[in-house]
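Residues per chain are reported as follows:
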Amino acid sequence: MRDTYREELDDITTSLVEMTNSVGSAMSKATTALLDADVALADLVIAGDAHIDAVRENVDDRCFTLLARQAPVATDLRSVTTAMATVQDLERMGDLAQHIAKVARMRFPDHAVPQEVRPVFLDMGHTAESLVAQAGTIIAKRDIEAAAQLEADDDLMDRNHQQLFRELLSDDWPHGIQSAIDITLLGRYYERFADHAVSVARRVVYLVTGERPLPVVAAAS
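Residues numbered from 1 in each chain as written. Predicted model: local features only at pLDDT ≥ 70, side-chain atom pairs only at ≥ 80, totals over all residues. Heavy atoms only, no water.

Per an unreviewed UniProt entry, the protein chain carries the name Phosphate-specific transport system accessory protein PhoU and comes from Klenkia marina. According to its UniProt record, the protein chain has this under Subcellular location (unreviewed entry): "Cytoplasm". (UniProt positions renumbered as here; feature names shortened; annotations may be inferred.)

### Some remarks on the side chain of aspartate 89
Along the chain, aspartate 89 falls in helix H3 (residues 74-107). Given a relative accessible area of 2%, aspartate 89 falls into the buried group. Side chain to side chain, aspartate 89 and histidine 196 meet in a polar contact 2.7 Å long. (Helix = DSSP H or I, 4+ residues; strand = E, 2+ residues; numbered from the N terminus. Buried < 20%, exposed > 50% of the residue type's maximum accessible area, 1.4 Å probe, protein only. Polar contact = N/O pair within 3.5 Å; in protein donor to acceptor, adjacent residues only side chain to side chain.)

### Some remarks on the UniProt feature "domain: PhoU" (unreviewed entry) in the protein chain
Residues given the UniProt feature "domain: PhoU" (unreviewed entry) here are residues 16-103 and 122-204. From the first C-alpha to the last, residues 16-103 spans 27 Å; its make-up is 94% helix and 0% strand. The span residues 122-204 is 89% helix and 0% strand, and its two end C-alpha atoms sit 28 Å from each other.

And the structure:
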């Protein structure tokens, strides 16, 4: 019975790692759809979010079953509760990639991102993909040093987000209010995506050490 229980915990961890891969792929496609005005790719991201949601529901169900049948304590209890919180972060990251794809679709056949800020969004997309890939490694290896590095790497996203606001607040922004609203929302989606990756890393630190050095992202964010 105990071996089966440990195998189920390992399978849940594997599902979380695979979910980071799905979320990373969604973000990569969403960024390409945004920058290239690729409506077909945007539609793939939008439709693919259902798979990410289904994985989240499956992991939740398995965790609740473990809690009900095994009544875990100590580290095992942290493993289950951390998995339940982590899968919520990853599901939300998938939603944010979908939001980006929806903006690309809404503005098609035009480009939602003006030329002036395309390099910023390209960097934000690359950073987002890197952060979620790091999150997958952190989950798989329970690597708290890598978790600290991920949090430091999040500064890249913050700097790009600040750069967007400098562009929008400049006196010579030529693209009007609607474009400014799109850029503001898109910047927020990328920033929140990165915040959830940081939250995942902090949850792993909690799992390994039993301590939360800083608050994590709220589930509703």
